[in-house]
Amino acid sequence: MAVGVLALQGSFNEHIAALRRLGVKGVEIRKPEQLQSVTSLIIPGGESTTMAKLAEYHNLFPALREFVKMGKPVWGTCAGLIFLANKATGQKTGGQELVGGLDCLVHRNFFGSQIQSFEAELQVPAIAAKEGGPPTFRGVFIRAPAILEVGPEVEVLADFPVQSNKVADPNYALESQEEDNTGTARKVIVAVKQGNLLATAFHPELTADTRWHSYFLKMVCEVGEGTSSSMCAPGEE
Ligand code: GLN
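Keep in mind that what you see is a predicted model, and the values were worked out from it rather than measured.

S.K.: What exactly am I supposed to notice about the overall build of the chain here?
M.R.: Counting its secondary structure elements, the chain contains 8 helices and 12 strands. Looking at the chain as a whole, 43% of its 237 residues are labelled buried.

Printed below as a string of structure tokens:
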């Protein structure tokens, strides 16, 4: 049993290393037929336009959409979240192909460019309760997207308060300022779950905290198909 990790570009090695720390093998996926050998998938962070071009080149989009449609667990981090979203907006979004499936509107580069990348402590009650450990999670946001709207099936796992003058999109900043003249914009969503889809705007694979990976592995185990008991009940085999 292994978890597939889309390995076209971005932080796939870091995801594979995090899975290894939990005793699970990560398999690099680059071609449509390789998706048949796995029952779950992580789409890493990176650069979603580049990743989409490579996915198109390898004819991966139909197989990825089918994988999502079949209800197999998929976790997208950062650019991976953009891939999974039904709709994307924001600068440099034009015409970008998406896998879709996650009923949300994601805003690319919401927090700005590379130099506006940041780290922040996030409250994630659902996962802290399930995985234990400290009450907060270190969120590493690199040219990160944010989720602006979600559909009724989507469970919000974490949100984040943004200052209206600190977001990348001037139209959004204006809108937010009108909503709240204290200068504190409304919260944006940075982690969600919808059925077997998990998505985070930040990068748990760049921290030593493996609780997000454990949480995803539990989702994989709940689906059951193709999982070995060593993965789903460590220490019992
Ligand atoms: N902003 C990037 C994009 O649009 C995503 C950044 C990331 O994955 N760290 O692709």
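S.K.: Explain the UniProt feature "binding site: L-glutamine" (unreviewed entry) in the chain here, please?
M.R.: On the UniProt side, "binding site: L-glutamine" (unreviewed entry) is annotated at positions that read Gly 46, Glu 47, Ser 48, Arg 108, Ile 142 and Arg 143 here. Across 98 residues, the annotated set stays spatially compact, with a maximum C-alpha separation of 12.5 Å. Accessibility expressed as a C-beta count within 10 Å gives 31 for Ser 48, which makes it buried. Each residue touching Ser 48, except ones within four places of it in the same chain, is listed here: Ala 79, Ile 82, Phe 83, Gln 96 and Arg 108. One can find Arg 108 in the loop between strand S6 (102-107) and strand S7 (118-123).

S.K.: How should helix H1 (residues 12-21) be read in this particular structure?
M.R.: In an α-helix, one turn spans 3.6 residues; hence positions three or four apart end up facing the same way. Within H1, the full set of buried residues consists of Phe 12, His 15, Ile 16, Ala 18 and Leu 19. Buried residues of H1 fall within an arc of 160° about the axis and therefore sit on the same side. Residues Ala 17, Arg 20 and Arg 21 are exposed on H1 and point more than 90 degrees away from its buried face. Contacts from the buried residues of H1 go to strand S1 (2-6), strand S2 (25-29), strand S3 (41-43) and helix H7 (211-223). Positive backbone phi, at 80°, marks Gly 23, one or two positions downstream of H1.

S.K.: Help me understand unusual backbone geometry in this model?
M.R.: Glycine aside, a negative phi is what most residues show, and trans is what most peptide bonds show. Unlike most non-glycine residues, Cys 78 shows phi in positive territory, near 55°. Positive phi outside glycine occurs at Asn 109, with the angle close to 50°. Along the chain, Asn 109 falls in the loop between S6 and S7.

S.K.: Whenever I open this one, the UniProt feature "active site" (unreviewed entry) in the chain confuses me. Can you help?
M.R.: UniProt's entry tags Cys 78, His 203 and Glu 205 with the feature "active site" (unreviewed entry), counted in the numbering of this structure. Across 128 residues of sequence, these annotated residues stay compact in space, with a maximum C-alpha separation of 10.9 Å. Mapped onto the elements of the fold, Cys 78 is located in the loop between strand S4 (74-77) and helix H4 (79-84). Of the residues examined, Cys 78 has 28 C-beta atoms within 10 Å and is grouped as buried.

S.K.: Looking at this model, I keep getting lost on H7. Mind explaining?
M.R.: Look at H7: 19 Å from first C-alpha to last across 13 residues, which is about the 18 Å you get at 1.5 Å a residue. Turning to H7, its buried residues number three or more, namely Trp 212, His 213, Phe 216, Leu 217 and Val 220. Buried residues in H7, looked at end-on, bunch into an arc of 135°, giving them a common side. Looking one or two residues past H7, Gly 224 carries a phi angle of roughly 90°, positive in sign.

S.K.: How should I be thinking about the pairing of strand S12 (residues 197-200) in this particular structure?
M.R.: In the case of a regular strand, side chains alternate between the two sheet surfaces. Of the two faces of S12, the one lined by Leu 197 and Ala 199 and the one lined by Leu 198 and Thr 200 are each fully buried. Examined bridge by bridge, S4 and S12 share 4 bridges and lie parallel to one another. Residue pairing across strands places Trp 75 opposite Leu 198, the latter belonging to S12.

S.K.: How do you make sense of the confidence of the model for the chain when you look at a structure like this?
M.R.: Where the model shows low pLDDT, its predicted coordinates should not be examined in detail. Averaged over every residue, the pLDDT of the chain is 88; the share at 70 or more is 83%. Under the prediction, the complex receives an ipTM of 0.95, its pTM being 0.91.

S.K.: What am I meant to see in the environment of Leu 41 here?
M.R.: If you trace the backbone, Leu 41 turns up in strand S3. With 83 residues separating them in the primary sequence, Leu 41 and Val 124 have C-alpha atoms 22 Å apart. If we ignore the near neighbours within four places in the chain, the residues touching Leu 41 are Gly 4, Leu 6, Ile 29, Phe 67, Lys 72 and Val 74.

S.K.: What is the right way to read the environment of Ala 7 from this model?
M.R.: Locating Ala 7 in the fold gives a position in the loop between S1 and H1. The class for Ala 7 is partly exposed, based on 19 C-beta atoms found within 10 Å. As for Ala 7 and Ile 42, which are separated by 35 residues in sequence, their C-alpha atoms are 9.3 Å apart. Excluding its chain neighbours within four sequence positions, the residues that come into contact with Ala 7 are Phe 12, Glu 28, Ile 29 and Arg 30.

Reading the values: rules and limits
Residues numbered from 1 in each chain as written. Predicted model: local features only at pLDDT ≥ 70, side-chain atom pairs only at ≥ 80, totals over all residues. Helix = DSSP H or I, 4+ residues; strand = E, 2+ residues; numbered from the N terminus. Buried ≥ 20, exposed ≤ 12 C-beta atoms within 10 Å, placed from the backbone. UniProt positions renumbered as here; feature names shortened; annotations may be inferred. Contact = placed C-beta atoms within 7 Å. Arc of directions from axis to C-beta. Expected span 1.5 Å × (residues − 1). Pairing = 2+ DSSP bridges. pLDDT = per-residue confidence, 0-100.

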